[in-house]
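Residues per chain, in single letters:
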Amino acid sequence: MPNYLIVNADDFGYGIERNDGIINCFKSGAISSTTMLVNGVAAEDAATKAKLAGLPTGLHLNISEGKPVCASAKTLTDSDGNLYELFTIRERVAEGRINLNEVSDELQKQIDRFEELMGYKPQHVDGHQHVHVLPGICDIFAHVLSQNGIRSTRCPYEDLNPDTNYAWFEGDTKKMATFMDEVVQQSQQAKPIFRRNGLWLPSEFCGLQTMGLDMTKESLKTTLKQTFRNDNKDDIVSCELMVHPGYRTKEEGGCGTGPDEFSQSDQRELEMDILCDSDMIDFYREMEIELVSFPKCVQLTNF
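About the criteria used
- Numbering of residues starts from 1 in each chain and follows the order in which that chain's sequence is written.
- It should be noted that, the model being predicted, local features are given only for residues of pLDDT at least 70 and side-chain atom pairs only at 80 or more, the latter also being counted only at that level, while totals for whole chains, interfaces and linings use all residues.
- Side-chain numbers here rest on the full set of heavy atoms in the structure, without hydrogens or water.
- Put simply, DSSP H or I for four residues or longer makes a helix, DSSP E for two residues or longer makes a strand, and each gets a number counted from the N terminus.
- Each radius of gyration is computed over the set of C-alpha atoms, and the globule rule expresses the reference value as 2.2 Å times the number of residues to the power 0.38.
- Method for areas: the Shrake-Rupley scheme with a 1.4 Å probe, in which residue coverage is limited to the protein chains shown.
- When charges are counted, Lys and Arg contribute as positive and Asp and Glu as negative, whereas His and the chain ends are disregarded.
- Every charge is mapped to an atom, namely NZ of Lys, CZ of Arg, CG of Asp or CD of Glu.
- Each polar contact in these results corresponds to two N or O atoms within 3.5 Å; when the atoms are within protein, one needs to be able to donate a hydrogen and the other to accept it, and residues that are neighboring in sequence are counted only if both atoms are side-chain atoms.
- Put simply, buried Ala, Val, Leu, Ile, Met, Phe, Trp, Tyr and Cys residues joined by side-chain atoms within 4.5 Å make one nonpolar core.
- Exposure classes here rest on a 1.4 Å probe applied to the protein chains alone. A residue is buried below 20% of its type maximum, exposed above 50%, and partly exposed in between.
- Should any heavy atoms of two residues lie within 4.5 Å, those residues are considered in contact.
- Inter-axis angles, ranging from 0 to 180 degrees, are taken between N-to-C directions of lines fitted to C-alpha atoms, where helices are fitted over the stretch in contact.
- Note on angle classes: values under 35 degrees are labelled roughly parallel, values over 145 roughly antiparallel, values of 65 to 115 roughly perpendicular, and the remainder oblique.
- Crossings are classed by handedness, with left-handed meaning an anticlockwise turn of the near helix from the far one by less than a right angle and right-handed meaning a clockwise turn.
- In the scheme used here, Gly and all other residues not listed as nonpolar or charged are polar, with Ala, Val, Leu, Ile, Met, Phe, Trp, Tyr, Cys and Pro taken as nonpolar and Asp, Glu, Lys and Arg as charged.
- Pairing of aromatic rings covers Phe, Tyr and Trp, the last counted by its six-membered ring, and requires centre-to-centre distances within 6.5 Å; plane angles under 30 degrees mean stacked, over 60 mean edge-to-face, and any other angle means tilted.
- The rule is short: NZ of Lys or CZ of Arg within 6 Å of the ring centre and within 35 degrees of the ring normal puts a charge over the ring.

(A) Seen up close, the overall build of the protein chain. Per the secondary structure count, the protein chain includes eleven helices and eight strands. The C-alpha atoms of the protein chain give a radius of gyration of 18 Å, which matches the 19 Å a tight globule of 303 residues would have. Referenced to the eigenvectors of the C-alpha coordinate spread, the extents of the protein chain come out at roughly 55 × 45 × 40 Å. Accessible area of the protein chain: about 12800 Å², with a carbon and sulfur share of 45%. Distance from the positive charge centre (29 side chains) to the negative charge centre (48 side chains) of the protein chain: 4 Å.

Structural data, given as structure tokens:
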């Protein structure tokens, strides 16, 4: 049976350098789809380049960085009108200090903005920094997608190695490890909610442990060999590999509050170089792995 791999590049629209790197990866056969930050400073540039290249593009819901699209997002923003950063928004959700109606409105506005840019509604939506699997938010997220006829999403459930160091993160790596564990647990809880709302999910997911400095050809191959293992040969296996390639962001980038450190480091270029390496392309061929987009994979699995 076939093995389908969706290699999805996150953060399209973050900056012109990111856009160019993602487009080059697609043209090289290294990725098969991307998800766009519609509040990114280069979202219009991203939309133009995606259309020209024929790059399958979805929406990367963002409620944890930069400026919101919806002016009424009061409980999602600080006194300067900026979205609360990742760890703060997670705390506020856990404490019940987020108005879920505002999350619904912001998501709808981002879907509408995507449609303005691309000329169609996204058929795939995931969450920047995995906000879409947060308890409470995942219910709103699934409902809004269903109401818009959006058919697929990401469920970042991955068997994590407890010894993963997360070298890419320029901060407290123990804090990041805790965050990753929570993402996996919350994904388990969100999965049945997504499915009840008619959303298609790949059968497997990987990418939490292979970002930036943690990505090597060896780690990718090992992960994918485990995913598409021999005892799965009687089943159709679909997997999303989350990646973050792109050229290093310069002065212009981000979502209205400037680029972060990860985008300005050489780690995005490292991912791009590995993904585009002919050795990886040969590996997919040897493993009989077919790179597909989300809409194509939904169609191929007869969902």
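(B) Highlighting the environment of arginine 229. Considering the arrangement of structural elements, one finds arginine 229 in the loop between helix H7 (217-227) and strand E7 (237-243). Distance from arginine 229 to methionine 287, taken between C-alpha atoms, is 9.6 Å for residues 58 residues apart in sequence. A distance of 3.2 Å separates the side chain of arginine 229 from the backbone oxygen of glutamine 226, its partner in a polar contact.

(C) A look at the nonpolar core. Counting residues in hydrophobic clusters, the biggest one holds 66 residues, and the most contacted among them are Leu5, Met36, Phe194 and Tyr284. Discounting chain neighbours no more than four positions away, the residues touching methionine 36 are Phe12, Ala43, Ala46, Ala47, Thr57, Gly58, Leu59, His60, Leu117 and Met118. By size, the runner-up hydrophobic cluster in this structure holds 14 residues, among which are Phe87, Trp168, Phe205 and Leu208.

(D) Focus on the side chain of glutamine 110. As for its position among the elements, glutamine 110 is in helix H4 (residues 100-118). The class of glutamine 110 is buried, set by a relative accessible area of 0%. Of the polar contacts made by the side chain of glutamine 110, one reaches the side chain of glutamate 106; its length is 2.8 Å. In contact with glutamine 110, not counting residues within four places along its chain, are Val38, Leu59, His60, Leu61, Asn62 and Val69.

(E) Spatial organisation of the packing of helix H1 (residues 16-27) against helix H2 (residues 43-53). The geometry of H1 relative to H2 is characterised by a closest axis approach of 10 Å and an angle of 15 degrees between their N-to-C directions. As judged from the angle between their axes, H1 and H2 are roughly parallel. Of the two elements, H1 crosses H2, and the hand of that crossing is right-handed. Of the residues in H2, those in contact with Ile16, Asn19, Asp20, Ile23, Phe26 and Lys27 of H1 are Asp45, Ala46, Lys49, Ala50 and Ala53. Of the residues contributing to the contact of H1 with H2, the split by class is six nonpolar, one polar and four charged.

(F) Broad picture of the packing of aromatic side chains. Overall, the coordinates contain seven aromatic pairs when judged by the stated rule. Ring centres of phenylalanine 87 and phenylalanine 179 lie 6.0 Å apart, and the angle between their planes is 75 degrees; on these two criteria the pair is classed as edge-to-face. One end of the pair, phenylalanine 87, is in helix H3 (residues 86-94); the other, phenylalanine 179, is in helix H6 (residues 173-196), and 92 residues separate them in sequence. As far as burial versus exposure is concerned, phenylalanine 87 and phenylalanine 179 are alike and both buried. Look at phenylalanine 114 and tyrosine 120: their rings are 5.8 Å apart centre to centre, the planes differ by 75 degrees, and that puts the pair in the edge-to-face class. A residue is classified by how much of its surface remains accessible, and phenylalanine 114, at 0% relative accessible area, is buried. Each residue in the set Trp168, Phe169 and Phe262 is aromatic and connected to the rest through ring pairs, giving one cluster. The residue whose ring lies beneath lysine 175 is phenylalanine 87, and the NZ or CZ to ring-centre distance is 4.2 Å.

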